[in-house]
Amino acid sequence: MVYLLSSQSLLDMLGDELAMKAWTGTVQANSIKLSSVSIGQALYQIEQEQDANLRAELDDALEKTIRSLQIYEGIVPFDASAARTWSKLMRMKLLHQDGSNPIEVSSESRMVVATALAKGFTLVDAARPFHSTVQRLKVISP
Amino acid sequence: MVMKLGFLTALQDLPVQDNSELEKALAELLISHLFDQPLTVRKARDNFSSVNRLARQGNLQIIKGAPGEETVILSVKDLAAIIKAAVREMTFAEALDVSGFKPARQRIELTEGLRVGHDLALNVKKVKSKQIEASAAL
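Keep in mind it's a predicted model, so treat the numbers as computed, not measured. (Residues numbered from 1 in each chain as written. Chains lettered and ligands numbered in written order. Predicted model: local features only at pLDDT ≥ 70, side-chain atom pairs only at ≥ 80, totals over all residues.)

Visitor: What exactly am I supposed to notice about the overall build of chain A here?
Guide: Within chain A one finds six helices and seven strands. Starting at the N terminus and ending at the C terminus, chain A contains elements arranged as β-α-α-β-α-α-β-α-β-β-α-β-β. Counting all 142 residues of chain A, 44% fall into the buried class. Residue pairs in contact within chain A that sit at least 24 positions apart in sequence constitute 70% of those at least 6 positions apart. (Helix = DSSP H or I, 4+ residues; strand = E, 2+ residues; numbered from the N terminus. Buried ≥ 20, exposed ≤ 12 C-beta atoms within 10 Å, placed from the backbone. Contact = placed C-beta atoms within 7 Å.)

As structure tokens, then:
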């Protein structure tokens, strides 16, 4: 099985979230993929962080993660097949959070989901309402 | 001739968390798979053609030294096999550890939501009017 980290899973890993940390010890390094879109999302989010020390820590952790994954050719571009899938996902109502204050999945995160679908990867993501909305999407929630 | 499978498989069980433990276990593993005994510098020098030939045939050669400072002679083909065997079986956590990865002290959350003016060349009104149901085929 090949896993694609969601952008939030990547950030969770950089921030030492316990469930993600435990999960990384159970999977082979060559089975992990990261979308180039997630790298952009993570960098953008890190840039918004006010605490300079935390920003530096996150930047360093991201850089080491990218380098580790590059060894295994684990960085996946957003290619033509993913773009075709993404165009369909953009027409769907995909909820990141439901309830009284629903939030839709961003277009960038849809690019990551599209990449998982187009390549047949299993998305690594915390449980989200949209997971059951998207046909054929395989998800694991550590 | 290439390196023996038993040696390559044993590489995957080496303790990689601690460098000194790894060096000790690796030296023991290398010596246990030697064609002959580790060589002194003098013996290696005097018989270098033979040492080189054996290494090319897949019999790696060790030159004696202080613990952790022994030297190894092997072919690029065997080095590639070692790297392949070691890299293939590493967990993601171990790979991160080897890279010097240190997690930040706090996690941050990704901003989600479709934002007008930030989406990629989309006519948002048009997109909203065309939203389709969950069963859409992908």
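Visitor: Whenever I open this one, the overall build of chain B confuses me. Can you help?
Guide: Summing up its helical and strand segments, chain B has seven helices and two strands in all. Secondary structure of chain B in N-to-C order comes out as α-α-α-α-β-β-α-α-α. Every one of the 138 residues in chain B was classed for burial, and the buried ones make up 13%. Residue pairs in contact within chain B that sit at least 24 positions apart in sequence constitute 49% of those at least 6 positions apart.

Visitor: What am I meant to see in the interface of chain A and chain B here?
Guide: Tallying the contact residues gives 46 residues for chain A and 34 residues for chain B. Elements with a contribution of two residues or more to the side of chain A that touches chain B: α1 (7–14), α3 (36–48), α4 (52–71), α5 (80–89), β5 (103–104) and α6 (107–119) of chain A. Take the side of chain A that touches chain B: its biggest share by element is nine residues, from α4 of chain A. Residue classes in the side of chain A that touches chain B are distributed as 15 nonpolar, 19 polar and twelve charged. (Nonpolar A, V, L, I, M, F, W, Y, C, P; charged D, E, K, R; others polar.)

Visitor: Just to check I follow, could you spell out the environment of Y72 of chain A for this structure?
Guide: Residue and element names in this part refer to chain A. Tracing the backbone shows Y72 in the loop between α4 and β3 (75–76). C-beta crowding within 10 Å serves as the criterion here: with 18 such atoms nearby, Y72 is assigned to the partly exposed category. For the pair Y72 and N30, spaced 42 residues apart in the sequence, the C-alpha separation amounts to 5.4 Å. Y72 has contacts with A29 and N30, leaving out every residue within four places of it along the chain.

Visitor: Quick question: what am I supposed to make of the pairing of strand β2 (residues 32–35) of chain A here?
Guide: Note on strand geometry: in a regular strand, side chains alternate between the two faces of the sheet. Residue and element names in this part refer to chain A. Burial along β2 is two-sided: I32 and L34 facing one way and K33 and S35 facing the other are all buried. Bridge analysis of strand β1 (residues 3–5) against β2 gives three bridges, and the strand direction is parallel. Considered in β2, the bridge of Y3 is made with I32. The pairing of β2 with β3 spans two bridges and is parallel. Each bridged residue has a counterpart across the sheet, and for S35 the counterpart in β3 is V76. (Pairing = 2+ DSSP bridges.)

Visitor: Whenever I open this one, the nonpolar core confuses me. Can you help?
Guide: One recurring pattern in soluble globular proteins: nonpolar side chains tend to sit buried together. The biggest cluster of nonpolar side chains holds 46 residues, and the ones touching the most others in it are L4, L14 and V113 of chain A. In terms of residue count, α6 of chain A provides more of this core than any other element does, six residues in total. Ignoring sequence-local partners within four residues, the contact set of L14 of chain A consists of L58, A61, L62 and T65 of chain A together with P103 and A104 of chain B. (Core = buried A, V, L, I, M, F, W, Y, C linked by C-beta atoms within 7 Å.)

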